[in-house]
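# Geometric and topological summary
The chain contents come next:
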Amino acid sequence: MCFPPLCDALPMTWAFARRAPWLQAARISSPLASAAAWESMSKKNKPLPDFVDVLIIGAGPHGLAMGSRLVLGNEAMDDVIPPIESYVRRPRDVRAHLQKLRSHGLNLAFVDEGGTWMGRWKNQFAALGISHLRSHEMMHPDAFDHSTLSVWAQSKKRNDFLFLEDLPKNKAYHGPFVLPSHKLMLDFCKALVKLNRLEDHLWHAHAETLRPSGSGVTVTLKTATGTKAVHAKHVVVARGPTWRRQWPAFYNNLEASGLGEIHHAWDLFDQPEKMEHLKGRGVIIGGGLTSAHLCNQLAGRGHIDLLLRRDRRVKQYDLALDWMGYKRWDHRREFEQASIEQRARINKRARDGGSISPELNSVLTDLEAKGQVSVHEWLEVETACYHGAGWTLVLSSGEVMEADYLICATGALVDVATDPLLAGLQEAHPLKMKNGLPVLTENLQWGRLPVYLMGNLAALHLGPDAVNMTGAARGALRIWSALSGCEGCEVS
Ligand SMILES: Cc1cc2nc3c(=O)[nH]c(=O)nc-3n(C[C@H](O)[C@H](O)[C@H](O)COP(=O)(O)OP(=O)(O)OC[C@H]3O[C@@H](n4cnc5c(N)ncnc54)[C@H](O)[C@@H]3O)c2cc1C
């Protein structure tokens, strides 16, 4: 049920999509049992199936959002733009939803190279020491309702939220902005996996290639014991942004010794032991959340120079707040009606590159005041040389800087044409590209192939929050619409 004006009306084809026969098996059984150990929530020892209906690559928030949408089917919410003023579904309905252990008969497989649910997410928050999310409590992977996380937290007597009281109150955004703790989000996601009975559907494997075959796709997977081909009727790619690094230009001229020593921030996520070796004077490059968190983590070990290629940008969320305020429907409408070229411009404008939250900015300012960190705006590394004992960096100002370690927190590279998983598809079934991103169908489908993309790869269709939790909810809805047989989609 949806209470106007909070309801974000969907096109009829989405809201009333017909469900494919294999999607009709979701049913409800006993109440939610206590959560099993997180690490055991994957089928590490069970052989991968030869055939599945849907294969989802990635078991992070986006993969989980897709799983939740598939399991809930028509029970899931239609309006994926979070409310800020009130609720959409009644709390008692949400509580009832949280009591239903959903036994479904979906022939569904998730593969993740980390082998666990939310593994990369967990590692990135742990490595950077992030206590609370940047997104608010209405943003999470459950497809039933925006309020599920807060209702769940209440039922568990959890109150580990950060209440931001000092947000500027203006016409565009009035709040509230309540941030869940990292631990709360992980515990909630663990409960969702259990609730949707997804534990037995995850396998530890790395997806290497996709090859259309017959009416489906053959996915080559690398596992601990070798290579395995799985045939899927549909494939959803939910790999997240952090699997591929964006490096500054000087990286291309590094010698072998430098290539062996330089770190991308994301190298530190899955190998936190690498953090232990970072000592002495450090240089960190990047103007986003990751670089600022790294400064906070490493400042006690020696002085850090933080290099920003432009000025320091401070904002609450990683896109303009009015995308979540009263104008959110207008922005969304404008985006939906825009051409691909205009959408690329809207995305760039709304995200506006790396930024840090006001809370993190005050941490950084404290570190500067103590002399532990120096922030340099409009400064880039031109050349870098590693000489055994450390780095010598020549900067765009002409200055020379010495450092014991060098970290690039410079984000993700998105280029489908050179993406190992997707380049083959682009060669055989080319799509129009814009800035390395593919032009998909509105249901995020790769032309007429049964391959669907989530997250930043689908930003030309999902908008500036494609990579975030809200993008996950929107992406899952659109893909589900295609899988459940809406007009123009071919589902067997
Ligand atoms: C420091 C930081 C803080 C953030 N905070 C927020 C926040 O508060 N709110 C928010 O909405 N967003 C936040 N984000 C954005 C965040 O990245 C996304 O919201 C989220 O992690 C993306 O989810 P995902 O499932 O797409 O990616 P991931 O969480 O990265 O999950 C993708 C999974 O795919 C797996 N994988 C990758 N390639 C393959 C392959 N070839 N085969 C098999 N498995 C593969 C990985 O192992 C990984 O587990 C933050 C990002 C960073 C870096």
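Residues numbered from 1 in each chain as written. Predicted model: local features only at pLDDT ≥ 70, side-chain atom pairs only at ≥ 80, totals over all residues.

This paragraph deals with the sheet that holds strand S18 (residues 405–408). Overall, parallel pairing links the 5 strands, which are arranged S11-S18-S12-S13-S14 in an open sheet. Across the chains shown, the open sheet's two edge strands, defined by having one partner strand only, are strand S11 (263–264) and strand S14 (373–376). Here 4 bridges tie strand S12 (residues 282–285) to strand S13 (residues 304–307), and the two strands are oriented parallel to one another. Paired with valine 283 across the two strands is aspartate 305, which belongs to S13. (Pairing = 2+ DSSP bridges. Helix = DSSP H or I, 4+ residues; strand = E, 2+ residues; numbered from the N terminus.)

Moving on, we come to the sheet that holds strand S16 (residues 391–395). Ordered by their spatial adjacency, 3 strands build an open sheet running S15-S16-S17, and the pairing between neighbours is antiparallel. Two strands close off the open sheet at either side, each with one partner strand: strand S15 (381–386) and strand S17 (400–403). The average undirected angle you get between the axes of adjacent strands in this sheet is 20 degrees. (Axes fitted to C-alpha atoms, helices over the stretch in contact; angles between N-to-C directions.)

Turning to unusual backbone geometry, a few remarks are in order. Positive phi, close to 55 degrees, is recorded for lysine 157, a residue that is not glycine. Position of lysine 157 among the secondary structure elements: in the loop between helix H5 (148–155) and strand S5 (161–163). Of the residues examined, lysine 157 has 6 C-beta atoms within 10 Å and is grouped as exposed. (Buried ≥ 20, exposed ≤ 12 C-beta atoms within 10 Å, placed from the backbone.)

Time to look at the confidence of the model for the chain. Summarising the model, the chain shows a mean pLDDT of 88, and 89% of its residues fall at 70 or more. The low-confidence segment residues 1–41, where pLDDT is below 50, has 85 contacts with residues more than four positions distant or belonging to other chains. In this model residues 486–492 is a low-confidence stretch, pLDDT under 50, and it forms 15 contacts with partners more than four residues away in sequence or in other chains. (pLDDT = per-residue confidence, 0-100. Contact = placed C-beta atoms within 7 Å.)

The next point concerns the pairing of strand S2 (residues 51–57). The element S2 is largely enclosed, with a buried count of 6 among its 7 residues. Inspection of the sheet shows S2 paired to strand S10 (residues 226–237) by 6 bridges, in the parallel sense. If you follow phenylalanine 51 over to S10, its bridge partner there is histidine 231. Looking at chain direction, S2 and strand S4 (residues 108–112) are connected through 4 bridges and run parallel. Looking across to S4, one finds that isoleucine 57 is bridged to valine 111.

A few words now on the packing of helix H10 (residues 289–298) against helix H13 (residues 358–369). The geometry of H10 relative to H13 is characterised by a closest axis approach of 10 Å and an angle of 45 degrees between their N-to-C directions. Comparing their axes, H13 and H10 come out oblique. For H10 against H13, the interelement crossing comes out left-handed. For the pair H10 and H13, contact is made by Leu289, Ala292, His293, Cys295 and Asn296 and by Leu360, Val363, Leu364 and Leu367, respectively. Its residues assigned to classes, the contact of H10 with H13 shows 7 nonpolar, 2 polar and no charged. (Parallel < 35°, antiparallel > 145°, perpendicular 65-115°, else oblique. Left-handed = near helix turned anticlockwise from the far one by under 90°. Nonpolar A, V, L, I, M, F, W, Y, C, P; charged D, E, K, R; others polar.)

In this section: the nonpolar core. Judged by nonpolar contacts, the single largest core of 125 residues is most densely connected at Leu55, Val235, Val236, Val237 and Cys295. Of all the elements, helix H16 (residues 469–483) adds the most residues to this core, at 9 residues. Taken domain by domain, the makeup of this core includes at least three residues from each of domain 1 (12–242 + 414–483) and domain 2 (249–318 + 354–408). Sequence-distant contacts of valine 236, defined by excluding residues within four places in its chain, comprise Val54, Ile56, Ile57, Met66, Tyr452, Met454 and Ile479. (Core = buried A, V, L, I, M, F, W, Y, C linked by C-beta atoms within 7 Å. Domains from an automatic or database assignment.)

So, about the environment of glycine 67. Among the structural elements, glycine 67 can be located in helix H2 (residues 61–72). Classification of glycine 67 by C-beta neighbours within 10 Å gives buried; the count is 30. Each C-alpha atom of the pair glycine 67 and alanine 476 lies 8.3 Å from the other, and the pair is 409 residues apart in sequence. When sequence neighbours within four positions are dropped, the list of residues in contact with glycine 67 reads Ile56, Phe110, Asn196 and Leu198.

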